[in-house]
Amino acid sequence: MAPETLQPRTDSALPEQAMAPQPWRIRSVRPDVASNEVFSWTLYPEPGVEPGPLPTPGQFNMLYLFGVGEVPISVSAITADGGIVHTTRAVGSVTRTMQDLGPGAVVGLRGPFGTAWPVEQARGRDLVLVAGGIGLAPLRPVIHAALERRADFGRVVVCYGARAPGDMIFRDELDAWAARGDFDLRVTVDRATAAWRGDVGVVTQLIDRGGFDRRNTVAMVCGPEVMMRFAAASLERRGLKPEDIYVSMERNMRCAVGFCGHCQIGSQFVCRDGPVFPYPVMEPAFRIREL
Ligand SMILES: Cc1cc2nc3c(=O)[nH]c(=O)nc-3n(C[C@H](O)[C@H](O)[C@H](O)COP(=O)(O)OP(=O)(O)OC[C@H]3O[C@@H](n4cnc5c(N)ncnc54)[C@H](O)[C@@H]3O)c2cc1C
Ligand code: FES
């Protein structure tokens with residue numbers, strides 16, 4: 001990386017509390033898969049905490065477990081009374097410790113940070129959302145927005161791939177979305193069970209079914225990088241312009257405000273310039289294996 005491409009944040013316009021986690025209390029915990037490997041917390045600010053602006057779909061918060069560590073987690077929903085929902089897969093030291101916390105526990109929260117999905121730019125157009133695994137969580141607020149303001153969008157197609165039927169998150173909501181006549185939900189799993197009657201295979205096969213207007217569609221993709229790369233290629237094959245495709249990137253983070261460079265991909269800081277990027281900005285990074 002050439003030093004001149006490094007562009008750490010130099011302004012001093014950060015909100016005062018951007019680096020100071022504020023206490024938020026877990027009001028409810030909802031296991032999202034049978035194994036409890038994925039769980040959703042609904043958090044409310046403690047008395048005296050002035051919550052920041054409401055997160056927009058695609059943004060994330062830094063959640064801090066006192067004495068353990070801090071992780072970026074996307075907002076998966078906002079409740080009517082201002083609760084913020086985060087849905088987490090337990091993969092390592094911090095997220096596994098999160099699994100042990102129950103209602104009433106207090107954690108640190110700073111945010112919201114990052115760029116949002118282009119929901120407003122998608123008004124009047126078809127919407128294709130492609131999610132792999134836990135990637136459905138950051139896209140869920142877009143689905144909520146599209147369903148609440150259904151008339152603002154054309155066709156809404158959601159393609160969701162999970163490892164196995166038991167790994168599918170938001171199962172109740174998936175059933176409710178599937179039951180709607182104005183919403184095209186397509187689900188596939190890598191490994192079927194005897195009871196599974198749906199699709200088996202990669203999520204890109206769901207994109208290849210089409211059902212959206214290639215000249216007037218915005219696509220939003222979230223999941224493992226290899227899946228996003230293949231999904232973007234499928235969308236392009238279907239005729240979407242690369243600039244109408246958006247991806248959400250994951251990188252380890254420290255500051256989350258563009259100071260430390262920990263989350264850097266090329267000249268982009270995922271915390272400040274992303275996590276949601278137009279695909280052409282990330283396409284060169286996708287071409288480099290193991291970046
Ligand atoms: C902008 C952004 C939004 C995110 N949103 C969410 C979200 O909504 N829900 C969520 O569950 N996670 C989300 N993540 C990922 C989450 O931040 C990481 O899983 C978390 O930081 C891991 O921390 P840890 O201490 O538990 O694991 P570590 O101890 O740091 O890692 C343990 C092991 O898990 C592996 N690992 C780390 N992250 C992942 C991962 N994402 N998937 C698979 N393996 C991993 C590591 O390579 C390592 O081998 C997001 C990340 C970013 C950057
Ligand atoms: S620059 Fe510090 S995490 Fe992005």
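Check the entry above for the structure.
Now for a look at the structure at hand.

Quick notes on the rules
Residues numbered from 1 in each chain as written. Chains lettered and ligands numbered in written order. Predicted model: local features only at pLDDT ≥ 70, side-chain atom pairs only at ≥ 80, totals over all residues. Heavy atoms only, no water. Core = buried A, V, L, I, M, F, W, Y, C linked by side-chain atoms within 4.5 Å. Buried < 20%, exposed > 50% of the residue type's maximum accessible area, 1.4 Å probe, protein only. Helix = DSSP H or I, 4+ residues; strand = E, 2+ residues; numbered from the N terminus. Contact = heavy atoms within 4.5 Å. Pairing = 2+ DSSP bridges. Axes fitted to C-alpha atoms, helices over the stretch in contact; angles between N-to-C directions. Near = heavy atom within 4 Å. Polar contact = N/O pair within 3.5 Å; in protein donor to acceptor, adjacent residues only side chain to side chain. Areas by Shrake-Rupley, 256 points an atom, 1.4 Å probe, with all protein chains shown as cover.

Counting residues in each nonpolar core, the largest one holds 37 residues, and the members touching the most others are Val130, Val221, Leu235, Ile245, Val247, Met249 and Met282. Looking at this core element by element, the count peaks at 5 residues for helix 5 (residues 225–237). Sequence-distant contacts of Leu235, that is, excluding residues within four places in its chain, are made with Val128, Ile207, Phe212, Ala219, Val221, Leu240 and Ile245. Listed in part, the 36 residues of the second largest apolar core include Leu136, Ala162, Met168 and Leu174.

Moving on: the sheet that holds strand 6 (residues 106–113). Read around the barrel, 6 strands follow the order 1-2-5-4-3-6 and close on themselves; strand pairing throughout is antiparallel. On average, each strand axis in the sheet is tilted by 45° relative to the strand beside it, whichever way the strands run. Here 3 bridges tie strand 4 (residues 69–78) to strand 5 (residues 84–89), and the two strands are oriented antiparallel to one another. Looking at strand 5, one finds that Ile78 is bridged to Ile84. In the packing of helix 2 (residues 136–148) onto the sheet, the strands contacted are strand 4 and strand 5, and the crossing angle to strand 4 comes to about 20°.

The next point concerns the site of ligand 1. Neighbouring ligand 1 are 18 residues, the closest being Pro72, Thr87, Arg89, Thr95 and Glu250. Within the contact set of ligand 1, a nitrogen atom lies 3.0 Å away from a side-chain nitrogen or oxygen of Ser74. In this structure, Thr87 approaches ligand 1 through a main-chain N or O atom, which is 2.9 Å from a nitrogen atom. Starting from 910 Å² of accessible surface for ligand 1 in isolation, the protein chains cover 67%.

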